[in-house]
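Reading the structure
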Amino acid sequence: MTDDPSTSSGTQREPVEAPLTEKVEAILLIIDEPIGLVALAAAVGAPVAAVRQTLETLVADYDGVGRGPRRGFELREVGGGWRLYVRDEHDDLVADFIGGQAPARLSQAALETLAVIAYKQPVTRSQVASIRAVNVDSVVRTLLARGLITEMFADSETGAINYGTTDALLQHLGINSIDELPPISPLLDDGADGFDEGVVR
């Protein structure tokens, strides 16, 4: 039986570093908003030019250019940043799947976040987090999955996604327009004095 050359000399084999493509994909899978090229390069510890080339390769790969199949998602540059999106032709499929999931009550955190978005839309996640003084990433994902809020547009300078409510929320509330929401109590802080753009961690 032949000994493993990595252990026969008493030394351990050096760990193999993950390819740049894997690192970039890992970051793209967990972000909620488009990430800029420079920020992505810093996250994966690679030169900007190499990351740009990797993104272009991934776009072609997901689009089925070459030997691989076309994927049900795509990599797009939006507002100066990059993010994975479901392809437009599968929007109805995804909406039906989400709508068919067993309904569950929204948590208090989700209700509070939804209220902030409803009254302050269009509003970014960092602005909502500033008002609530807590991180709202997971709550925003839940509200998106429920179809109660939607991505309206990306800020042209920061790439931050601005969120607003959907017609589905109006139906749940039994109103025709967001203008029919009751006025916020003057005793509550509704953020009228402006937002703190700092991200709450």
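Below you will find a few notes about this structure.

Rules behind the numbers
- Residues numbered from 1 in each chain as written.
- Predicted model: local features only at pLDDT ≥ 70, side-chain atom pairs only at ≥ 80, totals over all residues.
- Heavy atoms only, no water.
- Helix = DSSP H or I, 4+ residues; strand = E, 2+ residues; numbered from the N terminus.
- Buried < 20%, exposed > 50% of the residue type's maximum accessible area, 1.4 Å probe, protein only.
- Contact = heavy atoms within 4.5 Å.
- Areas by Shrake-Rupley, 256 points an atom, 1.4 Å probe, with all protein chains shown as cover.
- Salt bridge = Lys/Arg side-chain N within 4 Å of Asp/Glu carboxyl O.
- Pairing = 2+ DSSP bridges.
- Axes fitted to C-alpha atoms, helices over the stretch in contact; angles between N-to-C directions.
- Phe/Tyr/Trp six-rings, centres within 6.5 Å; stacked < 30°, edge-to-face > 60°.
- Lys NZ or Arg CZ within 6 Å of the ring centre and 35° of its normal.

**Looking at the overall build of the protein**
- Each helix and strand in the protein was counted, giving 9 helices and 6 strands.
- Burial status across the protein gives 29% buried among its 201 residues.
- Put simply, of all contacts in the protein between residues at least 6 apart along the chain, 50% involve residues at least 24 apart.
- Here the protein has roughly 13000 Å² of accessible surface; of this, 53% comes from carbon and sulfur atoms.

**Regarding the pattern of salt bridges**
- Counted by the stated rule, this structure contains 8 salt bridges.
- Residue aspartate 63 pairs with arginine 87 through a salt bridge whose shortest N-O separation is 2.7 Å. Linking aspartate 63 in the loop between helix 4 (48–62) and strand 2 (73–78) with arginine 87 in the loop between strand 3 (81–86) and helix 5 (91–99), this pair joins segments that are 24 residues apart in sequence.
- The shortest N-O distance in the salt bridge between arginine 125 and aspartate 137 comes to 2.1 Å. On the criterion of sequence distance, the pair formed by arginine 125 in helix 7 (residues 125–132) and aspartate 137 in helix 8 (residues 137–145) is long-range, its members being 12 residues apart.
- On the basis of relative accessibility, which here comes to 13%, the residue arginine 125 falls in the buried class.
- A relative accessible area of 24% means that aspartate 137 is categorised as partly exposed.
- One network of salt bridges, with partners in common, ties together Asp63, Glu74, Arg76 and Arg87.

**Considerations on the sheet that holds strand 4 (residues 123–124)**
- Spatial strand order, 4-6-5: 3 strands in an open sheet with antiparallel pairing. Because the sheet does not close on itself, it has two edges, and the strands there are strand 4 and strand 5 (149–154).
- Bridge count between strand 5 and strand 6 (residues 161–165): 5 bridges; the pairing is antiparallel. Within the sheet, the bridge partner assigned to phenylalanine 153 lies in strand 6 and is asparagine 162.
- Taken strand by strand, helix 6 (residues 108–120) contacts strand 4, strand 5 and strand 6, and its axis lies near 95° from that of strand 6.

**So, the packing of aromatic side chains**
- Summed over the entire model, instances satisfying the criterion amount to 1 aromatic pair.
- Between tyrosine 62 and phenylalanine 73 the ring centres are 4.8 Å apart and the planes differ by 65°, which places this aromatic pair in the edge-to-face class. Taken as a pair, tyrosine 62 in helix 4 and phenylalanine 73 in strand 2 lie far apart in primary sequence, 11 residues in all.
- When its relative accessible area of 3% is taken as the criterion, tyrosine 62 is described as buried.
- The partly exposed category is assigned to phenylalanine 73, whose relative accessible area is 31%.
- Arginine 76 extends its terminal NZ or CZ atom over the ring of tyrosine 85, reaching a point 4.1 Å from the ring centre.
- For the cation-ring pair, arginine 83 lies above tyrosine 85, with the distance from its terminal atom to the ring centre recorded as 5.2 Å.

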